[in-house]
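Analysis of the macromolecular model
The lines below spell out each chain.
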Amino acid sequence: MENLNFINPLLHGIIPEEIEQKVSGISAKQLIVAGVGTLIAGAILKKAGHTKTAALIGSIALPLLASAIYKKVGASKYSKMTEDSNFQSDFQPGNA
């Protein structure tokens, strides 16, 4: 119980910045296609009788789709925030 090093990813050489740089190249559209593809593959495997494999493959779909939605919403909020900050920077209080 004292040795909980397996919980900390930094102790295993997993650096979040490197992962973020690798994942940032993947578009939301690619994530959606991958998510839907895993759903279809899981359904085909289930029909073929491979229920455990279908469950494993199908369980990957939700994180992929959630990542795509997060990426899309995050991009739209970021663009809206930069538009608002440009508007705010043009306004100089005291010059009115």
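Residues numbered from 1 in each chain as written. Predicted model: local features only at pLDDT ≥ 70, side-chain atom pairs only at ≥ 80, totals over all residues. Heavy atoms only, no water.

Thoughts on the overall build of the chain
- Helix and strand content of the chain: four helices and zero strands.
- Across the chain, contacts joining residues at least 24 apart in sequence account for 56% of those joining residues at least 6 apart.
- Taken as a whole, the chain presents about 8300 Å² of accessible surface, with 65% of it coming from carbon and sulfur. (Helix = DSSP H or I, 4+ residues; strand = E, 2+ residues; numbered from the N terminus. Contact = heavy atoms within 4.5 Å. Areas by Shrake-Rupley, 256 points an atom, 1.4 Å probe, with all protein chains shown as cover.)

Quick word on helix α2 (residues 28-48)
- A rise of 1.5 Å per residue sets the reference length of α2, with its 21 residues, at 30 Å; its end C-alpha atoms lie 30 Å apart and thus fit the reference within 8%.
- Those residues of α2 that sit buried are Ala-28, Leu-31, Gly-35, Thr-38 and Gly-42. Down the axis of α2, the smallest arc covering the buried residues is 80°, so these residues share one side. Projecting away from the buried face of α2 at angles above 90 degrees are the exposed residues Lys-29, Val-33, Ile-44, Lys-47 and Ala-48.
- Count one or two residues on from α2 and you reach Gly-49, which has phi positive near 100°. (Expected span 1.5 Å × (residues − 1). Buried < 20%, exposed > 50% of the residue type's maximum accessible area, 1.4 Å probe, protein only. Arc of directions from axis to C-beta.)

With respect to the environment of Lys-52
- In this structure, Lys-52 sits in helix α3 (residues 51-59).
- A sequence separation of 10 residues divides Lys-52 from Gly-42, and the C-alpha atoms of the two residues are 9.6 Å apart.

Quick notes on the packing of α2 against α3
- At a minimum axis separation of 8 Å, α2 and α3 run at an interaxial angle of 170°. Viewed along their axes, α2 and α3 adopt a mutual orientation that is roughly antiparallel. Taken together, the residues of α3 that come into contact with α2 (itself represented by Thr-38, Ala-41, Gly-42, Leu-45 and Lys-46) are Thr-53, Ala-54, Ile-57 and Gly-58.
- In terms of residue class, the contact of α2 with α3 is made up of four nonpolar, four polar and one charged. (Axes fitted to C-alpha atoms, helices over the stretch in contact; angles between N-to-C directions. Parallel < 35°, antiparallel > 145°, perpendicular 65-115°, else oblique. Nonpolar A, V, L, I, M, F, W, Y, C, P; charged D, E, K, R; others polar.)

Overview of the environment of Leu-64
- Within the fold, Leu-64 resides in helix α4 (residues 61-90).
- Along the primary structure Leu-64 and Gly-35 are separated by 29 residues, whereas in three dimensions their C-alpha atoms are 5.2 Å apart.
- For Leu-64, the residues in contact, after removing those within four places along its chain, are Leu-31, Ala-34, Gly-35 and Thr-38.

A few points about the side chain of Thr-38
- Mapping Thr-38 onto the fold places it in helix α2.
- Residue Thr-38 is classed as buried on the basis of its relative accessible area of 15%.
- Leave out the neighbours within four places in its chain, and Thr-38 touches Ile-57, Gly-58, Ile-60, Ala-61 and Leu-64.

Focus on a nonpolar patch on the surface
- On the surface, Ile-32, Val-36, Ile-40 and Ile-44 cluster together to form a nonpolar patch covering roughly 350 Å² of accessible area.
- Summarising the element assignment, Ile-32 is placed in helix α2.
- The exposure class assigned to Ile-32 is partly exposed, which follows from its relative accessible area of 43%. (Patch = residues over 30% accessible without salt bridge, like charges linked within 9 Å, V, L, I, M, F, W, Y side chains within 5 Å. Salt bridge = Lys/Arg side-chain N within 4 Å of Asp/Glu carboxyl O.)

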